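Tertiary structure, described
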Amino acid sequence: AAGVIQSPRHLIKEKRETATLKCYPIPRHDTVYWYQQGPGQDPQFLISFYEKMQSDKGSIPDRFSAQQFSDYHSELNMSSLELGDSALYFCASSQTSRSEQYFGPGTRLTVT
Amino acid sequence: GIQVEQSPPDLILQEGANSTLRCNFSDSVNNLQWFHQNPWGQLINLFYIPSGTKQNGRLSATTVATERYSLLYISSSQTTDSGVYFCAVSDSWGKLQFGAGTQVVVTP
(Lines give C-alpha, C1' and ligand atoms only; values in the text may rest on other atoms or scores of the structure.)
Protein backbone atom coordinates (compact mmCIF):
# COMPACT_ATOMS: atom_id res chain seq x y z
CA ALA A 1 0.00 0.00 0.00
CA ALA A 2 1.14 3.52 -0.74
CA GLY A 3 2.56 5.45 2.18
CA VAL A 4 3.35 9.07 2.93
CA ILE A 5 6.52 10.17 1.17
CA GLN A 6 8.84 12.81 2.54
CA SER A 7 11.92 14.34 1.01
CA PRO A 8 14.68 14.79 1.69
CA ARG A 9 15.21 12.23 4.44
CA HIS A 10 18.21 14.06 5.84
CA LEU A 11 19.18 17.71 5.55
CA ILE A 12 22.10 19.63 6.95
CA LYS A 13 21.95 23.41 6.93
CA GLU A 14 23.87 26.24 8.52
CA LYS A 15 22.38 28.91 10.76
CA ARG A 16 20.43 31.59 8.91
CA GLU A 17 19.97 29.41 5.84
CA THR A 18 16.61 28.29 4.47
CA ALA A 19 15.20 24.80 4.05
CA THR A 20 12.26 23.31 2.18
CA LEU A 21 10.73 20.01 3.21
CA LYS A 22 8.33 18.17 0.93
CA CYS A 23 5.50 15.81 1.68
CA TYR A 24 3.44 13.62 -0.65
CA PRO A 25 0.33 12.29 1.11
CA ILE A 26 -1.32 8.96 0.55
CA PRO A 27 -3.52 9.15 -2.59
CA ARG A 28 -7.10 10.32 -1.89
CA HIS A 29 -6.15 11.68 1.54
CA ASP A 30 -7.39 15.25 1.76
CA THR A 31 -5.76 16.34 5.03
CA VAL A 32 -2.04 16.89 5.64
CA TYR A 33 -0.35 17.59 8.97
CA TRP A 34 3.18 18.69 9.89
CA TYR A 35 4.79 17.80 13.22
CA GLN A 36 8.17 18.64 14.75
CA GLN A 37 9.96 16.28 17.13
CA GLY A 38 12.95 17.62 19.03
CA PRO A 39 15.54 15.28 20.57
CA GLY A 40 14.02 13.24 23.37
CA GLN A 41 10.63 14.88 22.96
CA ASP A 42 7.24 13.90 21.64
CA PRO A 43 6.04 15.19 18.25
CA GLN A 44 4.46 18.65 18.35
CA PHE A 45 1.82 19.79 15.88
CA LEU A 46 2.85 22.64 13.58
CA ILE A 47 0.19 23.14 10.92
CA SER A 48 -2.45 21.30 8.89
CA PHE A 49 -4.21 21.63 5.55
CA TYR A 50 -7.59 20.39 4.38
CA GLU A 51 -8.31 20.47 0.65
CA LYS A 52 -5.38 22.85 0.10
CA MET A 53 -6.55 25.36 2.71
CA GLN A 54 -4.87 25.85 6.08
CA SER A 55 -7.15 24.23 8.63
CA ASP A 56 -5.29 24.55 11.94
CA LYS A 57 -2.10 26.03 13.31
CA GLY A 58 0.01 25.09 16.29
CA SER A 59 3.21 26.53 17.71
CA ILE A 60 4.76 27.20 14.34
CA PRO A 61 7.40 29.98 14.33
CA ASP A 62 6.76 32.97 12.06
CA ARG A 63 9.96 31.98 10.22
CA PHE A 64 8.15 28.87 8.99
CA SER A 65 5.47 28.77 6.33
CA ALA A 66 3.69 25.95 4.59
CA GLN A 67 1.29 25.34 1.78
CA GLN A 68 -0.53 22.55 0.01
CA PHE A 69 -0.54 22.46 -3.75
CA SER A 70 -3.16 21.46 -6.33
CA ASP A 71 -1.72 17.91 -6.48
CA TYR A 72 -2.10 17.73 -2.67
CA HIS A 73 1.59 17.61 -1.92
CA SER A 74 2.72 20.00 0.79
CA GLU A 75 5.89 21.95 1.47
CA LEU A 76 7.23 23.33 4.73
CA ASN A 77 9.49 26.31 4.21
CA MET A 78 11.84 27.29 7.00
CA SER A 79 13.89 30.49 6.92
CA SER A 80 16.59 32.03 9.13
CA LEU A 81 17.31 28.61 10.57
CA GLU A 82 18.39 28.41 14.19
CA LEU A 83 20.24 25.66 16.06
CA GLY A 84 17.00 24.90 17.92
CA ASP A 85 15.27 24.00 14.65
CA SER A 86 17.30 20.80 14.53
CA ALA A 87 14.65 18.11 14.79
CA LEU A 88 12.78 15.35 13.05
CA TYR A 89 9.96 16.75 10.92
CA PHE A 90 7.05 14.47 10.17
CA CYS A 91 4.29 14.82 7.68
CA ALA A 92 1.09 12.85 8.17
CA SER A 93 -2.03 12.44 6.08
CA SER A 94 -5.57 11.24 6.71
CA GLN A 95 -8.73 10.65 4.70
CA THR A 96 -10.63 13.16 6.82
CA SER A 97 -9.71 15.35 9.76
CA ARG A 98 -11.27 12.82 12.13
CA SER A 99 -9.72 9.65 10.81
CA GLU A 100 -6.49 7.76 11.36
CA GLN A 101 -3.31 9.66 10.57
CA TYR A 102 -0.47 7.95 8.74
CA PHE A 103 3.03 9.29 9.21
CA GLY A 104 5.84 9.57 6.73
CA PRO A 105 9.39 8.48 7.57
CA GLY A 106 10.35 12.02 8.58
CA THR A 107 13.03 14.49 7.54
CA ARG A 108 15.92 14.81 9.95
CA LEU A 109 17.09 18.42 9.87
CA THR A 110 20.40 19.34 11.42
CA VAL A 111 21.32 23.01 11.74
CA THR A 112 25.01 23.72 12.38
CA GLY B 1 -5.93 21.66 24.90
CA ILE B 2 -6.24 18.00 25.75
CA GLN B 3 -3.69 16.68 28.26
CA VAL B 4 -2.23 13.23 27.67
CA GLU B 5 -0.36 11.29 30.34
CA GLN B 6 1.43 8.02 29.72
CA SER B 7 2.73 5.56 32.26
CA PRO B 8 5.16 4.18 33.06
CA PRO B 9 7.77 6.49 31.52
CA ASP B 10 10.29 3.64 31.26
CA LEU B 11 9.94 -0.11 31.13
CA ILE B 12 12.63 -2.79 31.04
CA LEU B 13 11.42 -6.25 30.08
CA GLN B 14 13.02 -9.61 29.62
CA GLU B 15 12.24 -11.30 26.33
CA GLY B 16 9.01 -13.26 26.63
CA ALA B 17 7.47 -11.05 29.31
CA ASN B 18 4.09 -9.34 29.08
CA SER B 19 3.43 -5.69 29.82
CA THR B 20 0.71 -3.03 29.95
CA LEU B 21 1.15 0.61 28.99
CA ARG B 22 -1.42 3.19 30.02
CA CYS B 23 -2.63 6.44 28.48
CA ASN B 24 -4.91 8.87 30.33
CA PHE B 25 -6.47 11.85 28.60
CA SER B 26 -8.25 14.86 30.00
CA ASP B 27 -11.22 15.33 27.65
CA SER B 28 -13.41 13.51 25.18
CA VAL B 29 -11.62 12.63 21.95
CA ASN B 30 -12.52 11.75 18.38
CA ASN B 31 -9.27 9.96 17.65
CA LEU B 32 -6.83 7.92 19.70
CA GLN B 33 -3.81 6.26 18.16
CA TRP B 34 -0.92 4.19 19.48
CA PHE B 35 2.45 4.41 17.77
CA HIS B 36 5.77 2.65 18.08
CA GLN B 37 8.80 4.78 17.34
CA ASN B 38 11.69 2.54 16.42
CA PRO B 39 15.36 3.35 17.02
CA TRP B 40 15.58 4.82 13.50
CA GLY B 41 12.89 7.36 14.35
CA GLN B 42 10.05 5.94 12.28
CA LEU B 43 6.56 6.30 13.75
CA ILE B 44 4.69 3.09 13.11
CA ASN B 45 0.92 2.98 13.46
CA LEU B 46 -0.13 0.29 15.90
CA PHE B 47 -3.79 1.02 16.55
CA TYR B 48 -6.47 3.54 15.69
CA ILE B 49 -8.76 3.01 18.67
CA PRO B 50 -11.01 5.87 19.86
CA SER B 51 -13.06 3.22 21.68
CA GLY B 52 -13.30 -0.53 22.10
CA THR B 53 -10.74 -3.29 21.84
CA LYS B 54 -8.49 -4.39 19.00
CA GLN B 55 -5.84 -7.04 18.59
CA ASN B 56 -2.98 -7.39 16.14
CA GLY B 57 -0.74 -10.35 16.73
CA ARG B 58 1.01 -10.03 20.08
CA LEU B 59 -0.33 -6.52 20.59
CA SER B 60 -3.76 -5.50 21.73
CA ALA B 61 -5.35 -2.26 22.88
CA THR B 62 -8.42 -1.18 24.78
CA THR B 63 -9.89 2.31 25.05
CA VAL B 64 -12.56 3.16 27.60
CA ALA B 65 -13.64 6.55 26.28
CA THR B 66 -16.12 7.24 29.10
CA GLU B 67 -13.31 6.88 31.66
CA ARG B 68 -10.72 8.59 29.44
CA TYR B 69 -8.00 6.00 29.30
CA SER B 70 -6.47 3.53 26.91
CA LEU B 71 -4.26 0.50 27.51
CA LEU B 72 -1.73 -1.14 25.21
CA TYR B 73 -0.81 -4.76 25.94
CA ILE B 74 2.38 -6.34 24.70
CA SER B 75 2.56 -10.09 25.11
CA SER B 76 5.58 -12.38 24.72
CA SER B 77 7.82 -9.37 24.14
CA GLN B 78 10.69 -9.55 21.67
CA THR B 79 13.81 -7.42 21.33
CA THR B 80 12.28 -5.84 18.23
CA ASP B 81 9.57 -4.39 20.48
CA SER B 82 12.13 -2.00 21.96
CA GLY B 83 11.54 1.68 21.30
CA VAL B 84 9.20 4.42 22.42
CA TYR B 85 5.46 3.88 22.50
CA PHE B 86 3.34 6.99 22.05
CA CYS B 87 -0.32 7.51 22.68
CA ALA B 88 -1.84 10.43 20.75
CA VAL B 89 -5.33 11.90 20.82
CA SER B 90 -7.22 14.53 18.89
CA ASP B 91 -10.40 16.53 19.25
CA SER B 92 -12.63 17.40 16.33
CA TRP B 93 -9.97 19.53 14.60
CA GLY B 94 -7.74 16.55 13.92
CA LYS B 95 -4.33 17.64 15.19
CA LEU B 96 -2.80 14.96 17.40
CA GLN B 97 -1.66 15.70 20.94
CA PHE B 98 1.00 13.20 21.95
CA GLY B 99 1.85 11.92 25.38
CA ALA B 100 5.46 11.91 26.55
CA GLY B 101 5.82 8.25 25.61
CA THR B 102 6.92 5.06 27.32
CA GLN B 103 10.50 3.98 26.60
CA VAL B 104 10.56 0.19 26.36
CA VAL B 105 13.74 -1.87 26.43
CA VAL B 106 13.47 -5.61 25.88
CA THR B 107 16.55 -7.55 26.88
CA PRO B 108 17.47 -10.99 25.50
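As a reminder, the structure under discussion sits directly above these lines.
These notes cover the structure that comes with them. (Residues numbered from 1 in each chain as written. Chains lettered and ligands numbered in written order. Predicted model: local features only at pLDDT ≥ 70, side-chain atom pairs only at ≥ 80, totals over all residues. Heavy atoms only, no water.)

**Observations regarding the packing of aromatic side chains**
Scanning the model with the defined rule gives 10 aromatic pairs over all chains in all. Aromatic rings pair up to connect Y33(A), Y35(A), F45(A), F90(A), F103(A), F35(B), F86(B) and F98(B) into one cluster. Across the ring face of Y69(B), the terminal group of R22(B) is positioned such that the distance to the ring centre comes to 4.2 Å. (Phe/Tyr/Trp six-rings, centres within 6.5 Å; stacked < 30°, edge-to-face > 60°. Lys NZ or Arg CZ within 6 Å of the ring centre and 35° of its normal.)

**Some thoughts on the state of the cysteines**
Residues and elements named next belong to chain A. Evaluated as defined, the whole model comprises two disulfides over all chains. Paired by a disulfide, C23 and C91 hold their sulfur atoms 1.8 Å apart. One quick way to see it: the torsion about the S-S bond of C23 and C91 is about -55°, and its sign makes the bridge left-handed. Placement of C23 in strand β3 (residues 19–24) and of C91 in strand β9 (residues 87–94) is noted, with a sequence separation of 68 residues between them. You can call C91 buried: its relative accessible area is 0%. (Disulfide = S-S within 2.5 Å. Helix = DSSP H or I, 4+ residues; strand = E, 2+ residues; numbered from the N terminus. Buried < 20%, exposed > 50% of the residue type's maximum accessible area, 1.4 Å probe, protein only.)

**Describing the environment of D81(B)**
Residue and element names in this part refer to chain B. Within the secondary structure layout, D81 lies in the loop between β8 (69–74) and β9 (83–90). Overall, the relative accessible area of 7% leaves D81 in the buried class. Along the sequence, D81 and N38 sit 43 residues apart, while their C-alpha atoms lie 8.3 Å from each other. If near-sequence neighbours (up to four positions away) are discounted, D81 is found in contact with H36, R58, I74, V104 and V106. (Contact = heavy atoms within 4.5 Å.)

**Observations regarding the interface of chain A and chain B**
With 20 residues of chain A at the contact, the number on the chain B side is 20 residues. Taken together, the two surfaces of chain A and chain B that pack against each other cover about 1700 Å², and 50% of this comes from carbon and sulfur. Of all residues in chain A, R98(A), E100(A) and F103(A) give up the largest surface area on contact with chain B, accounting jointly for 30% of the area buried on that side. For the pair chain A and chain B, the interface holds one salt bridge. (Buried area = accessible area lost by both parts, 1.4 Å probe. Salt bridge = Lys/Arg side-chain N within 4 Å of Asp/Glu carboxyl O.)

**Thoughts on the environment of C23(A)**
Residues and elements named next belong to chain A. Residue C23 is classed as buried on the basis of its relative accessible area of 0%. Taking C-alpha positions, C23 is 9.0 Å from W34, a pair spaced 11 residues apart along the chain. The residues touching C23, leaving out its near neighbours within four places in the chain, are V4, I5, V32, W34, H73, S74 and C91.

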